[in-house]
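# Working through the structure, step by step
This is what each chain is made of:
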Amino acid sequence: MILASASPRRKEILSHILPHFSVCPAAGEEAPDLTLPPEGIVQALARQKAEEVSSRFPASLVLGADTIVWHEGRLLGKPKGAEDAARMLRSLSGKTHRVYTGWCLRGPGVDRCGAAVSEVEFYPLSEEFISEYIAGGSPLDKAGAYGIQDDARLVRAYRGSYTNIVGLPEEELRAQLAALGVIG
């Protein structure tokens, strides 16, 4: 099995399911189709990644994944810099949003895609906290400019899969891999 992602968080979550797999990140540029609903956006992006890596390793099972934050009808991807991260965190402060992770499994005789959704409610965030959090660098490589695992002062509550919010819905993938006979 090959994980088509460089995300250390996805690698860690997948290691809870499979003891052995390879990592080969997709190299293509992500181009979300904003005409699709959020579930469709993340599934299409996950499929792009899985197909790209699968074309290089056609005999392997490949897992592609993509995560977005959806807030007030808008997609929040990875911030373009500190200013963009601050804007995203201010918009999420004290509010509830949704996190979508799309996944796609591609390989010989396998073409399965899906998406998981979780709701996240933020605490109100002070400007001081936002500046401190961004200065630590963590928000710059995460959808919505945050990681639920980063700081207990961010998230008041969540509903749904915690690992989905981190970047890979472990429960859903475990079920898919079991159905395919990859795991017992």
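Residue numbering note: each chain is counted from 1, following its sequence as written. Restriction of local features to residues with pLDDT of at least 70 applies here, the model being predicted, together with a cutoff of 80 or more for giving and counting side-chain atom pairs; totals for whole chains, interfaces and linings are based on all residues. Based on all heavy atoms of the structure, the side-chain values leave hydrogens and waters out of the count.

An unreviewed UniProt entry lists the chain under the name dTTP/UTP pyrophosphatase, from Candidatus Borkfalkia faecavium. As stated in UniProt under Sequence similarities (unreviewed entry), the record for the chain gives "Belongs to the Maf family. YhdE subfamily." UniProt positions are given in the numbering used here, feature names are shortened, and annotations may be inferred rather than shown by experiment. Regarding the chain, the UniProt comment filed under Function (unreviewed entry) reads as follows: "Nucleoside triphosphate pyrophosphatase that hydrolyzes dTTP and UTP. May have a dual role in cell division arrest and in preventing the incorporation of modified nucleotides into cellular nucleic acids."

## What about the overall build of the chain?
Where helices and strands are cited, they refer to DSSP runs of H or I of at least four residues and of E of at least two residues respectively, numbered from the N terminus. Check the secondary structure of the chain and you find 6 helices and 7 strands. The helix and strand sequence of the chain, counted from the amino end, reads β-α-β-α-β-β-α-β-β-α-β-α-α. Taken over C-alpha atoms, the radius of gyration is set against a globule rule of 2.2 Å times the number of residues to the power 0.38. Over its C-alpha atoms the chain spans a radius of gyration of 16 Å, differing by no more than 12% from the 16 Å that the globule rule assigns to 184 residues. Projected onto the principal axes, the alpha-carbon positions of the chain cover approximately 50 × 30 × 30 Å. Surface exposure here means Shrake-Rupley accessible area, sampled with a 1.4 Å probe, where a residue is shielded only by the protein chains that are shown. Split by element, the accessible area of the chain, about 8700 Å² in all, is 52% carbon and sulfur. When charges are tallied, Lys and Arg are placed among the positive residues and Asp and Glu among the negative ones, while His and the ends of the chain are skipped. Note on charges: their place is set at NZ of Lys, CZ of Arg, CG of Asp or CD of Glu. Distance between charge centres in the chain, computed from 20 positive and 23 negative side chains, equals 2 Å.

## Points about the packing of helix 3 (residues 82-92) against helix 4 (residues 127-135)
Note on geometry: axes are C-alpha line fits, over the in-contact stretch for helices, and angles between N-to-C directions span 0 to 180 degrees. Packing of helix 3 against helix 4 brings their axes to within 10 Å, and their N-to-C directions diverge by 140 degrees. In terms of their interaxial angle, helix 3 and helix 4 are classed as oblique. Classified by chirality, the crossing of helix 4 by helix 3 is right-handed. Of the residues in helix 4, those in contact with A82, A85, A86, L89 and R90 of helix 3 are E127, I130, Y133 and I134. All residues other than Ala, Val, Leu, Ile, Met, Phe, Trp, Tyr, Cys, Pro, Asp, Glu, Lys and Arg, Gly among them, are scored as polar; the first ten of these are nonpolar and the last four charged. Residue composition of the contact of helix 3 with helix 4, grouped by class: 7 nonpolar, no polar and 2 charged. Angles are sorted into four bins: roughly parallel if under 35 degrees, roughly antiparallel if over 145, roughly perpendicular if 65 to 115, and oblique for all others. Crossing chirality is assigned from the near helix's rotation relative to the far helix, an anticlockwise turn below a right angle marking it left-handed and a clockwise turn marking it right-handed. Every residue pair with non-hydrogen atoms within 4.5 Å of one another is taken to be in contact.

## Some details on helix 6 (residues 170-179)
Taken together, the buried positions of helix 6 are occupied by E170, L173, Q176 and L177. In a view along the axis of helix 6, the buried residues occupy a sector of 130 degrees, so they form one face of it. Of the surrounding elements, those touching the buried residues of helix 6 are helix 1 (8-17), strand 3 (62-71), strand 5 (96-107), strand 6 (110-122) and helix 5 (162-166). Where helix 6 ends, the next residue or the one after it, G181, has phi of about 80 degrees, a positive value. Partly exposed describes any residue whose relative accessible area lies between the buried limit of under 20% and the exposed limit of over 50%, with all areas from a 1.4 Å probe on protein chains only and scaled to the type maximum. Think of the arc as the fan of directions from the helix axis to the C-beta atoms.

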